[in-house]
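# Overview (structure and organization)
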Amino acid sequence: MSERREMRDLVTLDRAREVVGDLDVGGGTERVPLGEASGRVLAERVDADLDVPGFDRASVDGYAVRAADTTGAGEASPVTLAVGGLVEAGERPEVTVEEGVAVEIATGAVVPPGANAVVMVEDTTEGEETVDIRRAVPPGGNVMAAGADIAAGDRALGAGVRLTPRTVGLLAAMGHETVTVRRLPRVAVVATGEELVQPGEELDHGRGQIYDVNTETIATGVREAGGEPVRYTRVPDDREAMADALREAAGECDMILTAGSTSASGADMLYSVVEEVGDLLVHGVALKPGKPTIIGRVDGTPYVGLPGYPVSALSVFRLLVAPRLRRAAGYGTERSVTATGRLAVDERFDEGRRRALPVGLVEDGDGETVVYPVDKGSGATTTLAAADGVVDMPADTRRLRAGEDVTVELFSPDARAPPVLAVGESDPAAVELLDAVDGARYLTDGDRAGRRWLRDGVADVAVLTGEVAGPEAEGSEVLAAWTREWGVVTAEGDPGDHPLESLAESGRSVATVNRDLGLRAAVDDAARESGLDPDALAGVETAGIESPARRVADGRADAGVALRATAERLGLPFAAVGVQSVSLVGNEGRLAKPGVGRLREETGSLPGLLSDLPGYAE
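A few points on the structure.

Parameters at a glance
- Residues numbered from 1 in each chain as written.
- Predicted model: local features only at pLDDT ≥ 70, side-chain atom pairs only at ≥ 80, totals over all residues.
- Heavy atoms only, no water.
- Helix = DSSP H or I, 4+ residues; strand = E, 2+ residues; numbered from the N terminus.
- Buried < 20%, exposed > 50% of the residue type's maximum accessible area, 1.4 Å probe, protein only.
- Contact = heavy atoms within 4.5 Å.
- Arc of directions from axis to C-beta.
- Pairing = 2+ DSSP bridges.
- Axes fitted to C-alpha atoms, helices over the stretch in contact; angles between N-to-C directions.
- Expected span 1.5 Å × (residues − 1).
- Core = buried A, V, L, I, M, F, W, Y, C linked by side-chain atoms within 4.5 Å.
- Phe/Tyr/Trp six-rings, centres within 6.5 Å; stacked < 30°, edge-to-face > 60°.
- Salt bridge = Lys/Arg side-chain N within 4 Å of Asp/Glu carboxyl O.

When you go through the protein chain residue by residue, the secondary structure sums to 15 helices and 36 strands. Residue burial in the protein chain is summarised as follows: out of 618 residues, 51% are buried. Sequence separation of 24 or more characterises 72% of the internal contacts of the protein chain that already satisfy a separation of 6 or more.

Now for helix H3 (residues 214-224). What H3 keeps buried is the set Asn214, Thr215, Ile218, Ala219, Gly221 and Val222. The buried residues of H3 all sit within an arc of 160° when viewed along its axis, so they share a single face.

A few words now on the environment of Glu94. Checked against the element boundaries, Glu94 lands in the loop between strand E5 (79-87) and strand E6 (101-105). The class for Glu94 is exposed, based on a relative accessible area of 79%.

Here we take up the sheet that holds strand E8 (residues 124-126). Pairing in this open sheet of 6 strands is mixed, and the strands run E7-E4-E6-E5-E9-E8 from one edge to the other. Strand pairing shows two members of the sheet lacking a second neighbour, strand E7 (117-120) and E8, which therefore form its edges. For this sheet, the mean angle separating the axes of adjacent strands, direction not counted, is 40°. Pairing of E5 with strand E9 (residues 130-133), which is carried by 4 bridges, proceeds in the antiparallel orientation. Following the sheet pairing, Thr80 is matched in E9 by Asp132.

Over its 14 residues, helix H4 (residues 239-252) extends 20 Å from the first C-alpha to the last, a length consistent with the 20 Å expected when each residue adds 1.5 Å. Looking only at H4, the buried set comprises Met242, Ala243, Ala245, Leu246, Ala249 and Ala250. For H4, the angular spread of buried residues about the axis comes to 165°, placing them on one side. Facing away from the buried surface of H4 by more than 90 degrees, the exposed residues are Glu240 and Gly251. Among the structural elements, strand E13 (186-192), strand E16 (228-235), strand E17 (255-259), helix H5 (270-277), strand E19 (294-298) and strand E20 (301-306) are those in contact with the buried residues of H4.

What follows concerns the environment of Leu563. Its location among the elements puts Leu563 in strand E34 (residues 559-563). A residue is classified by how much of its surface remains accessible, and Leu563, at 0% relative accessible area, is buried. Along the sequence, Leu563 and Gly578 sit 15 residues apart, while their C-alpha atoms lie 9.8 Å from each other.

Further remarks concern the nonpolar core. Within the largest apolar cluster, 43 residues are counted, with the highest numbers of intra-cluster contacts made by Trp482, Trp486 and Leu584. Once residues lying within four places of it in the same chain are set aside, the contact partners of Leu584 are Leu433, Val461, Ala462, Val463, Glu477, Val478, Leu479, Ala480, Trp482, Leu599 and Thr603. Membership of the second largest hydrophobic core comes to 31 residues, among which are Val11, Ile218, Leu287 and Ile295.

What follows concerns the packing of aromatic side chains. Under the definition given, this model contains 1 aromatic pair. For the ring pair Tyr372 and Trp453, a centre distance of 5.3 Å and an interplane angle of 65° mean the geometry is edge-to-face. Of this pair, Tyr372 sits in strand E24 (residues 369-373) while Trp453 is found in helix H9 (residues 447-455), placing the two residues 81 residues apart along the sequence. In terms of burial, Tyr372 and Trp453 fall into one category: buried.

Here we take up the pairing of strand E4 (residues 62-65). Taken together, the 3 bridges between E4 and E6 define a ladder with antiparallel strand orientation. Along E6, the bridge assignment pairs Tyr63 with Glu104. Pairing of E4 with E7, which is carried by 4 bridges, proceeds in the antiparallel orientation. The residue of E7 that forms the bridge with Gly62 is Met120.

What follows concerns the pattern of salt bridges. Counted according to the given criterion, the structure contains 35 salt bridges. Of the charged contacts in the structure, one is a salt bridge between Arg528 and Asp525, with a shortest N-O distance of 3.1 Å. Taken together, the residues span about one helical turn, with Arg528 and Asp525 both in helix H11 (residues 518-529) at a distance of 3 residues. Here Glu568 makes a salt bridge to Arg564, at a shortest N to O gap of 3.7 Å. Pair noted here: Glu568 and Arg564 are both in helix H13 (residues 564-570), with a separation of 4 residues, about one helical turn. The exposure class assigned to Glu568 is partly exposed, which follows from its relative accessible area of 48%. Each of the salt bridges in this network shares a partner with another, and the network as a whole consists of Arg45, Asp47, Arg155, Glu432 and Asp435.

Residue Pro53 is bonded to the preceding Val52 through a cis peptide linkage, with omega at -5°. Mapped onto the elements of the fold, Pro53 is located in the loop between strand E2 (46-47) and strand E3 (57-58). The phi dihedral of Asn142 falls on the positive side, at around 60°, and the residue is not glycine. Its place among the elements puts Asn142 in the loop between E9 and strand E10 (143-144). In this model, Asp299 sits at a positive phi of 50°, which is unusual for a non-glycine residue.

Shown next as structure tokens:
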């Protein structure tokens, strides 16, 4: 009579999860080509090392003009300009837009020197050598400024982000050929049982043969959960053969899965083989189906023996193994395909067309989902990179009201709210702090956006410059504060003792940041204190805090505004002008969130972090 061992000490499902959760599965990183990166998880932060786009780009077909030349233009009183040439996409402009001149331009083309706006072709009437402008355009109209998509020096993607076609596109836009990702755990899938036959072969029903369903089913589940399945040939019901197969798999993989031979009968001997060649941690789970599950280690490699029946095997895999593989691969907890949440702000759309509104998700302090719009325009890859899904706005829907429930169609079942949503000023110290929270999302839309999103209850934390006062100070708490030195950088030579005055010198090309950034406020205040007109220092306005210095470094500007930290990293001459305060401000209603708590803990490392950033101090 064959030996039989009764499973008396069944563990609970929660306990089985704890045991599997404590197993050491995989680890390490690897660098893969960008074409193979979709679905993988970033192992390290990716910063933008160039502006995207790297030039001021026309966003429509039309005419590049000086905005001032279109003042007063209308249907009844068009402005007539001379046509001075044509700029196609992909070519370097060889014309300069002078006063009273318009240059025909294609969508995506480089805006020629002298122009600061583009008039849509629909708002013009062509003549033989002239064009009538029937609608005025403001400075920057129909132009995507260099760095408007993503600016050099900004944090593009954080560690722990799972790459998708959208984020792979963002990496491609920044010129990345390869990317560092977490290594996929290699999972051995070993089928056992004399009765199994591979699909495609003939069955002998008289011998009780069945097709091997579990190998492909489980291997597919492994792949979907973030692992790399390694299939092993069927192992017969022989003790020595099983021991050899398990040892071989242990030497080649990060985890071993078998299906079948897990019960307590004499033929199902895997539990005793595991006792012989490793550690048997669990034999039997109080679960239906799935009672005869085995958990252990073989030569130190994690092992789970799944029941032989496919339904039982898949059930146990889903409940015990898949979550552990997803965590090892960095995938996080699986979510449903749709999510319902409360819209954070009003959203309007009056064009009478159906709209798929890109949105992001964030959880409030009560764990409820808040949905916020994420839209930089159709030409910006960061729109989709920062979004988790879309909300359908039918053609007859002109407004979604703040507070109403909306259904989000997720881009993937794995889309989820980040552990921390930070909004506000781009700042190197804030980037370093946020790196402590895997998957944290940092929208560097500037100080104004940070204050608005904190006031509206959207952001978990905001990165703000200057004084934290007014409506945004109510219901918030300063988690950390520091200062950063800023000044002027030049392409050649010392900026001099009066750097701001040097920016206003006639004929000098100057780069600064736009008014959404808190750094611009510091520049304007310093200009007024020096008796200068802030507009005289404006020059080219960029969307990124490092962009002006980058323009100076590559010869597109003679001088620009920069942080000392940026200037020293780029090796540019720097003259200090002032010191600006920066604060990491938490929404009091979100302080209990685990991600915010982890970020708060990380602020204890601030002194050491600031010591590595030139011009920074507490």
